[in-house]
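The primary structure of each chain is shown beneath.
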Amino acid sequence: MIGVPYSWGGGGVHGPGYGIGRGARTKGFDCSGLAEYAYARAGTLIGSTTREQWRSGIQIPKELLEPGDLVFYDSSPGRAGPEHVGIAVDAARIVHAPYTGAFVRLDRLDRPQFMGVIRPNAGRSDIDVRG
């Protein structure tokens, strides 16, 4: 999905989609939509928001991070976070949909707003991903 446009509120279990608000005219992914899609393709349902995804598994120490783990960032410490999620590619990089006007891309994992790493459990079973 590298190169797919960022779309605020866009994407989900079925792939890129039109977002809401400032993402309404762009077909793509926001950060949590990209993570939701990737995990749905692997057969695991993790929820559609960063907050749901933050609760989708167990917290892993950064030193034990594995490819595929979800990496969370708290870009607004005054609000209950997290506000951003990426998927670990390796110990140094994530793939993510960063912000409006950008595209899905690889970036470094280490950044000041780092909050933690989650390794999702088997996931939820209340969403149909076949469609």
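From a predicted model like this one, the values you see are computed outputs, not experimental measurements.

So, how was this worked out
Residues numbered from 1 in each chain as written. Predicted model: local features only at pLDDT ≥ 70, side-chain atom pairs only at ≥ 80, totals over all residues. Heavy atoms only, no water. Buried < 20%, exposed > 50% of the residue type's maximum accessible area, 1.4 Å probe, protein only. Helix = DSSP H or I, 4+ residues; strand = E, 2+ residues; numbered from the N terminus. Pairing = 2+ DSSP bridges. Phe/Tyr/Trp six-rings, centres within 6.5 Å; stacked < 30°, edge-to-face > 60°. Lys NZ or Arg CZ within 6 Å of the ring centre and 35° of its normal.

Asker: Help me understand the pairing of strand 5 (residues 84–88), please; the structure alone is not making it clear to me.
Answerer: Within a regular strand, side chains alternate between the sheet's two faces. Among the 5 residues in strand 5, 5 count as buried, and that is most of the element. By the bridge criterion, 4 bridges tie strand 4 (residues 70–73) to strand 5 in an arrangement that is antiparallel. Paired with tyrosine 73 across the bridge in strand 5 is histidine 84. Taken together, the 2 bridges between strand 5 and strand 6 (residues 93–96) define a ladder with antiparallel strand orientation. Each residue of the ladder has a partner; that of isoleucine 87, found in strand 6, is valine 95. Hairpin connection between strand 5 and strand 6: a loop of 4 residues separates the two successive antiparallel strands.

Asker: Looking at this model, I keep getting lost on the packing of aromatic side chains. Mind explaining?
Answerer: Two aromatic rings, taken as a pair, are described by how far apart their centres are and by the angle between their planes. Evaluation of the coordinates by the stated rule reveals 3 aromatic pairs. Between the aromatic rings of phenylalanine 29 and tyrosine 37, the centroid separation amounts to 5.6 Å while the plane-to-plane angle is 35 degrees, which identifies the pairing as tilted. No difference in accessibility class separates phenylalanine 29 from tyrosine 37, as the two residues are buried. Sitting over the ring of tryptophan 8, arginine 22 keeps its end group 4.9 Å from the ring centre. One Lys or Arg, lysine 62, reaches over the ring of phenylalanine 114 and ends 4.3 Å from the middle of that ring.

Purely geometric stuff here, so don't read any function into it on its own.
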